[in-house]
Amino acid sequence: MRIWCFPCFTEEDEEDGNGGKLKKQSLATAMENNNDHGDFGENEMESGVPEGTIFTENVRWGSYVGIDEEGEAAGAELQQLWASEARLHQLVQGESSNAAAAAEDSTMEEADHDSHHKRAKVYSGPAECRSVSGVSSDAGNCGSSMSVSFGIASSSRSDTDMFCQNYILNYSRKDGKKDDGDDNGSSDAEDFEVHIDLTDDLLHMVFSFLNHVDLCRSAMVCRQWRVASAHEDFWKVLNFENIRISIEQFENMCGRYPNATEVNVYGAPAVNALAMKAVTTLRNLEVLTIGKGHISENFFQALGECNMLRSVTVSEAILGNGAQEINLNHDRLRELKITKCRVMRLSIRCPQLRSLSLKRSNMSQAMLNCPLLQLLDIASCHKLLDAAIRSAATSCPQLESLDVSNCSCVSDETLREIAQACANLHILNASYCPNISLESVHLPMLTVLKLHSCEGITSASMTWIANSPALEVLELDNCNLLTSVSLHLSRLQSISLVHCRKFTDLNLQSTMLSSITVSNCPALRRITITSNSLRRLALQKQENLTTLVLQCHSLQEVDLSDCESLSNSVCKIFSDDGGCPMLKSLILDNCESLTAVRFCNSSLVSLSLVGCRAVTSLELKCPRIEQICLDGCDHLKTAFFQPVALRSLNLGICPKLSVLNIEAPYMVSLELKGCGVLSEASIICPLLTSLDASFCSQLRDDGLSATTASCPLIESLVLMSCPSIGSDGLSSLNGLPNLTVLDLSYTFLMNLEPVFRSCIQLKVLKLQACKYLTDSSLEPLYKEGALPALEELDLSYGTLCQTAIDDLLACCTHLTHLSLNGCVNMHDLDWGSTNVQLFDYFGVYSSSEYTHGPAETANRLLQNLNCEVDLACSNLVLLNLSNCCSLEVLKLGCPRLASLFLQSCNMDEAGVEAAISGCSSLETLDLRFCPKISSVSMTKFRTVCPSLKRVFSSPNLLQD
């Protein structure tokens, strides 16, 4: 038994990688050359593959398999090919011929052994010398674990590789013997072969997952695989869609597989002849697909002789001469599709036919004798007149589905007669039929009705639609004359109303209604819906919608975005006493007519009021609400959240908020930053850990005291720019045992004693720009040991004197971060070794001891820093001295310094070189806007400091 695998080519030339022409051999040529000999035999390489022919990689494998019971030696012959390949590869590489001979003898013995034991061999050696029958791993192909390349030469390969492949293609002489070189040649194929033992049943199951291309490739592995891949179970479907196959080749395939049940020759040349051959030779044919060509009348006559045929599809074809009547008679045909075809008249007599599609065909008459027909599709048959449609449909009394869309001639009279003749009609698609209004059309069994773009459909048509009690799906898109829909249909499940420009009123009552699509209906004003099955309702951009009445007990999600005319009354619908008790998500974005929003809903989880700029009052009694979005509600004045399940809330986007009541048992974070007019705040959040009340200028001591009493777990409290907070409010902080971060920046505090007394666990204290603090305000820190856990202290832009800062640094050894930016009374300091790990003075950041050398001038303020800075810090990694205009001399002893910023400094090149010479780890140097530094000096800096990687010498210029 033998498998024939033919690569499918076109008759075109293709350029190789060297600009030459590679001739592609066509499928017909390959088949004809090999048919002359009946199989690959002694002259197979000479006749089947002309000498000198080079195949390209752009090969599409065809599914053509032949069986020759007389070819019992094929397995051994194929294994000999493996040995010749490996031997030739070694010869090209210059390996020893003696060693190769020994390996080849071993391989040939194994080949004979495998040909009898049917063991599949997978070779994983060099792929370059395996162009004829090589098997390579293909990790990207899930359909097959192997791929076989027969006579494929890549244009990107070397001349040596092409020579190897051409040599292998032509290695056989006319007498069937190998070249003399085979006697002395050798192969190392045995070194990289893997044995796979598969039973026939297991192999059959594996091959059942492969397509025809992979079956052809697998057939070249061994005799067992060749036999298994040719099993007729895998070749019941012959698919030659858009493949150039000759009549002889197709006839040969039909002869080899007479039990094929499905054939597809759509787009193949000579499609009529191929179709005739299929119906006359394949007696078990059940499914036939043809098209793209001329189909003669004889073909339709021959169909009657193919008794097993069940389905026929003819597409994009000319039937007969295009101007004659085509008769089709078949006793067992069940499905027929004649689409996009040119034909004058059709006469179809198929007593067992269940489905018929004539979509987009241009016949003027269709005579049907199909008493059991259930589905008829004549959509876009523009030449069919009203009478012809009526005659065709009424002749099918069992009709259940009818599609007459885009048949502009259809009238109400035709629909009435169809309704009378086809009592079982369930589906009707009459879209784009401008002449119908459904007047007096009774369709009691109708379940699906599609009326897209029907200009005759008006509100009066709803009366006749209501006479279809079984209706489940109704589509009325683009019905421009439709003004209102009022339907009480118990089984209605889905309705669509899109682009109905004059539509104003929707009233639906259906217990099974689950889908409503309403969009781009600019005149819609009122919606009333009653349903027990509706779960989601989206009515976006209904700008004139003013009234909404819902009785939907299963409704969970509602989106009313951009419904600008909705009033405050909509809130009642979504409260507990409304009609949506299961509501979980409500979106009212950009509903600009809302002014007072009030919800009392025990099921609501998410609420969005983004862009509701007119809302001034918000009251929520929603114990399950977890998310609320108020972006753009910049006119909100009063807010009540009692109770809510919110975990975090940001009201800083509501600058006009004056009254706030929150009862949130699960809230952990509350941000009121920017609520400058907030004067009344009741915050009951027992789990609150973070409160930011920055710039709440109206927040007073009593409000702070009440908050600390009801929120005992606060860890971070920000009171920046809260000038109304005094000693009484700070004294209440003793009720916050977990407070670790306190920000009192930009306040008018004069006494910090309440803080030292109440906040024992404080780690971070920020006192930026507290200009009313006196020199003695911090004495408890360095004299009495207050705040022993304090690690970070920010005194930037303060007025503390030199002595207070000196004492603070000398005694507070536990500080890790000290910021003194902008301290106007700050003079040059001589601080010995301290434990300050992070000191921010000139913008210095370090993680070890800080030593500042003595200055030449002792009485200068920080803004007029003296000309010399001597800094030694063993673990300093970043130093920022930018904008120190008077800085001229810099001495650094910082071996770990990685980044140095000197923007806008008056240092010259020599000063910079001296500064960085002792910084062996420096990688980044910023010298932008330094008037005494030129870009040509960058090379010098790199020489002085070889570790430099990035030097910024001017704006937008990075030298790397």
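Residues numbered from 1 in each chain as written. Predicted model: local features only at pLDDT ≥ 70, side-chain atom pairs only at ≥ 80, totals over all residues. Heavy atoms only, no water.

Looking at an unreviewed UniProt entry, one finds the protein named F-box/LRR-repeat protein 15 and attributed to Cardamine amara subsp. amara.

Some points on the overall build of the protein
Keep this limit in mind: Per the convention used, a helix needs a DSSP run of H or I reaching at least four residues, while a strand needs a run of E reaching at least two, with both numbered from the N terminus. When accessible area is computed with a 1.4 Å probe and restricted to protein chains, residues below 20% of their type maximum are described as buried, those above 50% as exposed, and intermediate ones as partly exposed. Residues count as neighbours in contact if any of their non-hydrogen atoms are within 4.5 Å of one another. Each accessible area is a Shrake-Rupley estimate made with a 1.4 Å probe; only the visible protein chains count as cover when residues are assessed.
Of the regular secondary structure elements, the protein holds 23 helices and 56 strands. The 960 residues of the protein split such that 49% are buried. For the protein, long-range pairs separated by at least 24 residues make up 45% of all intrachain contacts whose partners lie at least 6 apart in sequence. When the accessible surface of the protein is split by element, carbon and sulfur atoms take 48% of a total near 40,700 Å².

Notes on the pairing of strand β23 (residues 484-488)
The side chains of a regular strand alternate, first on one face of the sheet and then on the other. Threshold: In this description, strands pair whenever DSSP reports at least two bridges between them.
Covered by surrounding structure in β23 are V485 and L487 only, the residues S484, S486 and H488 on the alternate face being uncovered. Bridge analysis of β23 against strand β25 (residues 505-509) gives 5 bridges, and the strand direction is parallel. For S486, the partnering residue across the bridge sits in β25 and is N507.

Topic: the nonpolar core
Our working rule: In these notes, a set of buried Ala, Val, Leu, Ile, Met, Phe, Trp, Tyr and Cys residues joined through side-chain atoms within 4.5 Å is what counts as a nonpolar core.
Core analysis: the biggest nonpolar cluster contains 219 residues, and V485, F574 and F641 have the highest contact counts within it. Sort the elements by how many residues they give to this core and helix α11 (residues 271-281) lands first, with 5 residues.

Description of the pairing of strand β24 (residues 494-498)
Counting buried residues in β24 gives 4 out of 5 residues, a clear majority hidden from the surface. Pairing geometry for strand β22 (residues 473-475) and β24, over 3 bridges, is parallel. What sits directly across from V473, in β24, is S494. By the bridge criterion, 5 bridges tie β24 to strand β26 (residues 515-519) in an arrangement that is parallel. Within β26, the position partnered with S494 by the bridge is S515.

Side note on the packing of helix α13 (residues 386-394) against helix α14 (residues 412-421)
Test applied: Between N-to-C directions, angles span 0 to 180 degrees; the directions come from axes that are lines fitted to C-alpha atoms, helices contributing only their stretch in contact. Angle categories are assigned with fixed cut-offs, so that under 35 degrees is roughly parallel, over 145 is roughly antiparallel, 65 to 115 is roughly perpendicular, and the rest are oblique. Note that Gly is not counted as nonpolar here; it falls among the polar residues with everything else outside the nonpolar set of Ala, Val, Leu, Ile, Met, Phe, Trp, Tyr, Cys and Pro and the charged set of Asp, Glu, Lys and Arg.
Following both chains from N to C, one finds α13 and α14 inclined at 10°, their axes separated by 9 Å at the closest point. One way to sum up the angle between α13 and α14 is to call them roughly parallel. Together, D386, I389, R390, A393 and T394 of α13 and E413, T414, E417, I418 and A421 of α14 make up the contact between the two elements. Here the residues of the contact of α13 with α14 sort into 4 nonpolar, 2 polar and 4 charged.

Digging into the packing of aromatic side chains
To be explicit about the condition: A pair of aromatic rings is counted whenever rings of Phe, Tyr or Trp (Trp by its six-membered ring) have centres within 6.5 Å, and the orientation is called stacked for planes under 30 degrees apart, edge-to-face for over 60 and tilted otherwise.
Applying the stated rule across the entire model yields 6 aromatic pairs. Measuring from centroid to centroid gives 5.6 Å for W235 and Y257, while their planes differ by 20°, and the two rings are stacked. Taken together, the positions of W235 in the loop between α9 (223-229) and β9 (237-239) and Y257 in the loop between α10 (247-256) and β10 (262-264) put the pair 22 residues apart, joining distant regions of the chain. Taken individually, W235 and Y257 each receive the classification buried, so the pair is uniform in this respect. Connected via pairs of aromatic rings, a cluster forms that spans F207, W225 and F234.

Things to note about the pattern of salt bridges
Which entries qualify depends on this criterion: By definition here, a salt bridge exists when the distance from a side-chain nitrogen of Lys or Arg to a carboxyl oxygen of Asp or Glu is within 4 Å.
Applying the stated criterion across every chain, the model contains 15 salt bridges. Where R217 meets D214, a salt bridge forms, and the shortest distance between an N and an O atom there is 3.5 Å. A residue pair is termed a helical-turn pair when its members lie 3 or 4 positions apart in one helix, as R217 and D214 do in helix α8 (residues 212-218) at 3 residues. Relative accessible area serves as the criterion here: at 18%, R217 is assigned to the buried category. In this structure, R598 and E619 form a salt bridge, with 3.7 Å as the shortest nitrogen-oxygen distance. Note that R598 is positioned in strand β32 (residues 596-600) and E619 in strand β34 (residues 617-622), a separation of 21 residues in sequence. Residue R598 is classed as exposed on the basis of its relative accessible area of 53%. Here the residues in one salt-bridge network are D386, R390 and E417, joined through shared partners.

Focus on the sheet that holds strand β27 (residues 526-531)
The 4 strands lie next to each other as β23-β25-β27-β29, forming an open sheet whose pairing is parallel. Two strands close off the open sheet at either side, each with one partner strand: β23 and β29 (547-552). The sheet shows a mean angle of 5° between the axes of neighbouring strands, taken without regard to direction.

What about the confidence of the model for the protein?
Stated precisely, the cut-off is as follows: A score from 0 to 100, pLDDT tells how confident the predictor is in each residue.
Per-residue pLDDT for the protein has a mean of 78; in total, 74% of the residues score no lower than 70. Considering only residues more than four positions removed or in separate chains, one finds that residues 1-75, a stretch of pLDDT under 50, has 177 contacts. Here residues 84-195 is modelled with pLDDT under 50, and outside its nearest four sequence neighbours on either side it reaches 225 contacts, counting other chains as well.

Things to note about the environment of Q352
Note on placement: Q352 falls in the loop between β15 (345-349) and β16 (355-357). Take Q352: its relative accessible area is 28%, and that puts it in the partly exposed class. The spacing of Q352 and R332 is 20 residues in sequence and 5.4 Å in space, taken between C-alpha atoms. Q352 has contacts with D331, R332, L333, R334 and L372, leaving out every residue within four places of it along the chain.

Quick notes on the sheet that holds strand β36 (residues 638-644)
With respect to topology, 5 strands assemble into an open sheet ordered β32-β34-β36-β38-β40, the strand pairing being parallel. For this open sheet the edge positions go to β32 and β40 (680-684), each flanked by a neighbour on one side alone. Strand after strand, the sheet turns through a mean of 5° between neighbouring axes, direction not considered. The pairing of β36 with strand β38 (residues 659-663) spans 4 bridges and is classified as parallel. When the bridges of β38 are listed, F640 appears paired with N661.

Thoughts on unusual backbone geometry
Residue P643 follows Q642 across a cis peptide bond; omega there is -15°. Looking at the secondary structure, you find P643 in strand β36. One non-glycine residue with positive phi stands out, namely S380, at about 60°. Positionally, S380 belongs in the loop between β18 (375-377) and α13. A relative accessible area of 17% places S380 in the buried class. If you check the backbone angles, Y746 has positive phi at about 60° while not being a glycine. Relative to the elements of secondary structure, Y746 occurs in the loop between β43 (741-743) and α19 (753-758). The exposure class of Y746 is partly exposed, given its relative accessible area of 40%.

Comments concerning a nonpolar patch on the surface
The test is simple: Any residue with relative accessible area above 30% and no salt bridge may belong to a patch, with like charges joined within 9 Å and the nonpolar Val, Leu, Ile, Met, Phe, Trp and Tyr side chains within 5 Å.
Among the surface-exposed residues, L202, M205, V206 and F209 lie close enough to one another that they form a single nonpolar patch of about 410 Å² accessible area. If you trace the backbone, V206 turns up in helix α7 (residues 200-207). You can call V206 partly exposed: its relative accessible area is 41%.

Here's the deal with the packing of α10 against α11
Short version of the rule: Take the far helix as the reference: if the near one is turned anticlockwise from it by less than a right angle, the crossing is left-handed, and if turned clockwise, right-handed.
At their nearest, the axes of α10 and α11 sit 10 Å apart, and the two run at 20° to each other. Here α10 is positioned roughly parallel relative to α11, judged by the angle of their axes. For α10 against α11, the interelement crossing comes out right-handed. Contact with α10, carried on its side by I247, F250, E251 and C254, involves A273, L274, K277, A278 and T281 of α11 and no other residues of that element.

A word on α14
Test applied: It is the directions from the helix axis to the C-beta atoms whose arc is reported.
If you check which residues of α14 are buried, you get D412, T414, L415, I418 and A419. Projected down its long axis, α14 shows its buried positions confined to an angular sector of 155°, all on one face. The secondary structure elements touched by the buried residues of α14 are α13, β19 (401-403) and β20 (427-429).

Looking at helix α17 (residues 701-710)
For α17, every residue scored as buried is listed here: D701, G703, L704, T707, T708 and S710. Elements that come into contact with the buried residues of α17 comprise β40, β41 (690-692), β42 (716-718) and α18 (727-731).

Brief notes about the environment of S585
Within the secondary structure, S585 sits in strand β31 (residues 585-587). Linking S585 and Q556, residues 29 residues apart in sequence, is a C-alpha distance of 6.3 Å.

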